[in-house]
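Listed below, chain by chain, are the residues.
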Amino acid sequence: MGFRIPAIIRQASLSTTQTASKRVEVQKGYFAVYVGDKMRRFMIPVSYLNQPSFQELLSQAEEEFGFDQPTGGLTIPCKEDEFLNIIANLNEL
C-alpha cells in the first residue's frame, strides 16, 4: 500500500502567519513537523516517509487533523517523548 505525499509537505517552510519576506528556511531534503503539547518543531528527513513507523504517524495526523494545517508544517498527534523514540529508532536504520 503506497502513501500519497500531501502538498503541505512541499510547502512546510512557509507558515500562514509569515510573509514571504520572513520565510523560515527548511533545508533541502527535510520537512517540518510539529509535535506535542507545546507544538515543538522538528526537521525530518524526507527519507523517513517510506518507513512504516513514520507512515503510521502520518496516517494518524491525517485522521486527526487532515493535511490542510495552518502551522506551515505537519502536526503529528503524539507526545514529544513518543515521537523522539520513533525517530531514534529510524536513525538507527
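Reading guide: rules and limits
Residues numbered from 1 in each chain as written. Predicted model: local features only at pLDDT ≥ 70, side-chain atom pairs only at ≥ 80, totals over all residues. Heavy atoms only, no water. Helix = DSSP H or I, 4+ residues; strand = E, 2+ residues; numbered from the N terminus. Expected span 1.5 Å × (residues − 1). Buried < 20%, exposed > 50% of the residue type's maximum accessible area, 1.4 Å probe, protein only. Arc of directions from axis to C-beta. Contact = heavy atoms within 4.5 Å. pLDDT = per-residue confidence, 0-100. Core = buried A, V, L, I, M, F, W, Y, C linked by side-chain atoms within 4.5 Å.

### Focus on helix H2 (residues 52–65)
For H2, with 14 residues, the first-to-last C-alpha span of 20 Å sits near the 20 Å given by 1.5 Å per residue. Listed as buried for H2 are Phe54, Leu57, Leu58 and Ala61. All buried residues of H2 project into a common sector of 100° when viewed along the axis, lining one side. Counted as exposed and oriented over 90 degrees from the buried face of H2: Pro52 and Glu63. Packed against the buried residues of H2 are strand E1 (30–35), strand E2 (40–45), strand E3 (74–76) and helix H3 (80–91). One or two steps after H2, the chain reaches Gly66, where phi turns positive at roughly 75°.

### Regarding H3
In this model, H3 (twelve residues) spans 16 Å end to end at C-alpha, consistent with the 16 Å of a helix rising 1.5 Å per residue. Those residues of H3 lying buried are Phe83, Ile87 and Leu90. Down the axis of H3, the buried side of the element spans an arc of 55°, and every buried residue falls inside it.

### Concerning the environment of Leu90
Relative to the elements of secondary structure, Leu90 occurs in helix H3. Taking the relative accessible area as the measure of exposure, Leu90 reaches 7% and is therefore buried. Each C-alpha atom, one on Leu90 and one on Tyr48, is 7.4 Å from the other, the two residues being 42 residues apart in sequence. If near-sequence neighbours (up to four positions away) are discounted, Leu90 is found in contact with Tyr48, Gln51, Ser53 and Phe54.

### Regarding the confidence of the model for the protein
Confidence in the prediction for the protein averages 76 pLDDT; 72% of positions are at 70 or higher. Counting contacts from residues 1–23, a segment whose pLDDT is below 50, to residues more than four positions away or on other chains yields 35 contacts.

### A word on the nonpolar core
Val33, Val35, Ile44, Phe54, Ile76, Phe83 and Ile87 are the most contacted members of the largest nonpolar core, which totals 18 residues. Contributing elements (two or more residues each) for this core: E1, E2, H2, E3 and H3. Ranked by residue count, the leading element in this core is H2, at four residues. If near-sequence neighbours (up to four positions away) are discounted, Val35 is found in contact with Arg40, Phe42, Ile76, Cys78, Lys79, Glu80 and Phe83.

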